[in-house]
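Here are the chains, one letter per residue:
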Amino acid sequence: MYLEKNKERNFIKATIVGFKRGLRQQKISNVRIKIPNIKKEKESSFFLGKKVIFIQKNINKNKNKVIWGKIKKLHGRSGVFIAQFKKNLPPNSISANVKITYLPW
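Below is a summary of the structure that appears in this document. Owing to the predicted nature of the structure, the values given are computational and were not obtained by experimental measurement.

Some remarks on the nonpolar core
Okay, so step 1: Among the nonpolar cores identified, the biggest contains 22 residues, and Ile33, Ile35, Phe47 and Ile100 are the most heavily contacted of them.
Okay, so step 2: Going through the elements one at a time, β1 (11-21), β2 (26-34), β3 (51-56), β4 (65-74), β5 (80-85) and β6 (97-101) are the ones with two or more residues in this core.
Okay, so step 3: No other element matches the 4 residues that β1 contributes to this core.
Okay, so step 4: The residues touching Ile100, leaving out its near neighbours within four places in the chain, are Asn10, Phe11, Ile12, Ala14, Ile33, Ile35, Phe47, Lys50, Lys51, Val52 and Ile71.

Here it is as structure tokens:
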């Protein structure tokens, strides 16, 4: 399983591909996330229901802004997932890194 390969960390890095969208609308709270080296359905089903953390760094303040989300479903078979966040993500979050925890908190 995927957890056995990475025992030293409790998270894995992923990248935001873009927002979930239709022809004329896009949903800012739903995001497509690409996890590297995920090709099979058994590996991808492990990540369903896991928590996603987006950390936005503030330049002027010392505190970082943290937005929590959850992986809801698969988007195709190439290792792309759809995650839903509690708050809307900013537009500059596309192609940013997120962390996916192994533990469902």
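With respect to the sheet that holds β1
Okay, so step 1: Judged by pairing direction, the barrel is antiparallel, and its 6 strands sit side by side in the order β1-β2-β5-β4-β3-β6 before closing back on the first. Across the sheet, the axes of successive neighbouring strands diverge by a mean angle of 45 degrees, strand direction being ignored.
Okay, so step 2: Note: β3 against β6, 2 bridges, orientation antiparallel. Within the sheet, the bridge partner assigned to Ile53 lies in β6 and is Lys99.

Concerning the packing of aromatic side chains
Okay, so step 1: Applying the stated criterion across every chain, the model contains 3 aromatic pairs.
Okay, so step 2: A ring pair is formed by Phe46 and Phe47, whose centres lie 5.3 Å apart and whose planes are at 80 degrees; its orientation type is edge-to-face. Judged on exposure class, the residue Phe46 and its partner Phe47 are both buried.
Okay, so step 3: The rings of Phe46, Phe47, Phe81 and Tyr102 are connected pair by pair, giving a single aromatic cluster.
Okay, so step 4: Sitting above the plane of the Phe46 ring, Lys50 keeps its charged end 4.8 Å from the centroid.
Okay, so step 5: The ring of Phe11 has Lys99 sitting right over it, with the charged end atom 4.6 Å from the ring centre.

Description of the layout of surface pockets
Okay, so step 1: In this structure, the largest pocket spans a volume of roughly 180 Å³.
Okay, so step 2: Residue lining of the largest pocket: Lys13, Ile53, Phe54, Ile55, Lys57, Asn97, Val98 and Lys99, and that is the complete set.
Okay, so step 3: Sorting the residues of the lining of the largest pocket by element identifies β3 and β6 as the ones contributing at least two each.
Okay, so step 4: Grouping the amino acids of the lining of the largest pocket by side-chain chemistry returns 4 nonpolar, 1 polar and 3 charged.

Topic: the side chain of Asn30
Okay, so step 1: You can see Asn30 is positioned in strand β2.
Okay, so step 2: Residue classification places Asn30 among the buried positions, given a relative accessible area of 12%.
Okay, so step 3: Asn30 has contacts with Phe19, Lys20, Ile82, Ala83 and Gln84, leaving out every residue within four places of it along the chain.

The rules behind the values
- Residues numbered from 1 in each chain as written.
- Predicted model: local features only at pLDDT ≥ 70, side-chain atom pairs only at ≥ 80, totals over all residues.
- Heavy atoms only, no water.
- Core = buried A, V, L, I, M, F, W, Y, C linked by side-chain atoms within 4.5 Å.
- Buried < 20%, exposed > 50% of the residue type's maximum accessible area, 1.4 Å probe, protein only.
- Helix = DSSP H or I, 4+ residues; strand = E, 2+ residues; numbered from the N terminus.
- Contact = heavy atoms within 4.5 Å.
- Pairing = 2+ DSSP bridges.
- Axes fitted to C-alpha atoms, helices over the stretch in contact; angles between N-to-C directions.
- Phe/Tyr/Trp six-rings, centres within 6.5 Å; stacked < 30°, edge-to-face > 60°.
- Lys NZ or Arg CZ within 6 Å of the ring centre and 35° of its normal.
- 1 Å grid on protein atoms, 1.4 Å probe; cavity = no way out; pocket = protein on both sides within 12 Å on 5 of 7 lines; lining within 4 Å.
- Points joined across faces, edges and corners; volume = space filled by probe spheres on them.
- Nonpolar A, V, L, I, M, F, W, Y, C, P; charged D, E, K, R; others polar.

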